[in-house]
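Read off the chains here:
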Amino acid sequence: MSSVTSVITAADLGAALDAGSDVFVLEVRRDPAAIPRAANLPLADAPVAGHIPGAHAVDFAELIGPRTETSGNGPLPEEEQVRELVQRWGISDSSLVVVYSADTPSSASRAWWVLRWAGLADVSYLDGGVHAWQASGRELTDTRPGPTICATATSPTTTP
């Protein structure tokens, strides 16, 4: 049984960031125009201005693989696709990856699921998202980290 938890609080994330731990925060955004009306997903009333400091922007579409006649609307990404994302973000085997979404919570859940499926061991969902972060007294920023191409980044290994 793993000691890794699937959910992290804003206080615990803040403490990890303050301590300089190997943490990668991923903010997953989804274009509302790309969501099928039949999906009936809850969307935020108004976009949140700003991001958790250090959060990398992730387009939900990056978490979807190539569609085929039999794949459905959201097939799993190809292994190489996930590997490239992980390397671009600079995630290593020791990294804690925290996902959240300011607009559609299920988008962050997808990121959590895809990264865990791909074999990343320490991925957590931010409990309460950006609103919990703000409620804990933390600030948002308009600054995004640049790409961190990392040759030593972890190489996800998908499980059957």
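Below: a short report on this structure. Being a predicted model, the structure only gives us computed values, none of them experimental. (Residues numbered from 1 in each chain as written. Predicted model: local features only at pLDDT ≥ 70, side-chain atom pairs only at ≥ 80, totals over all residues. Heavy atoms only, no water.)

**Some points on the pattern of salt bridges**
Under the defined criterion, the tally for this structure stands at 5 salt bridges. When the shortest N-O distance is used, the salt bridge between Glu27 and Arg29 registers 2.8 Å. On the accessibility criterion, Glu27 (0% relative accessible area) is buried. Among the residues examined, Arg29 registers a relative accessible area of 23% and is labelled partly exposed. Across the pair Glu80 and Arg83 runs a salt bridge, and its minimum N-O distance is 2.6 Å. Highlighted residues: Glu80 and Arg83, both in helix α2 (residues 79-89), separated by 3 residues, approximately one helical turn. Via salt bridges that share partners, Glu79, Glu80 and Arg83 belong to a single interconnected network. (Salt bridge = Lys/Arg side-chain N within 4 Å of Asp/Glu carboxyl O. Buried < 20%, exposed > 50% of the residue type's maximum accessible area, 1.4 Å probe, protein only. Helix = DSSP H or I, 4+ residues; strand = E, 2+ residues; numbered from the N terminus.)

**Considering the pairing of strand β3 (residues 56-59)**
For a regular strand, side-chain orientation follows a simple rule: the groups alternate between the two sheet faces. Only one face of β3 is buried, namely the one carrying His56 and Val58, since none of Ala57 and Asp59 on the opposite face is buried. The pairing of strand β2 (residues 23-29) with β3 spans 4 bridges and is parallel. Following the sheet pairing, Arg29 is matched in β3 by Asp59. (Pairing = 2+ DSSP bridges.)

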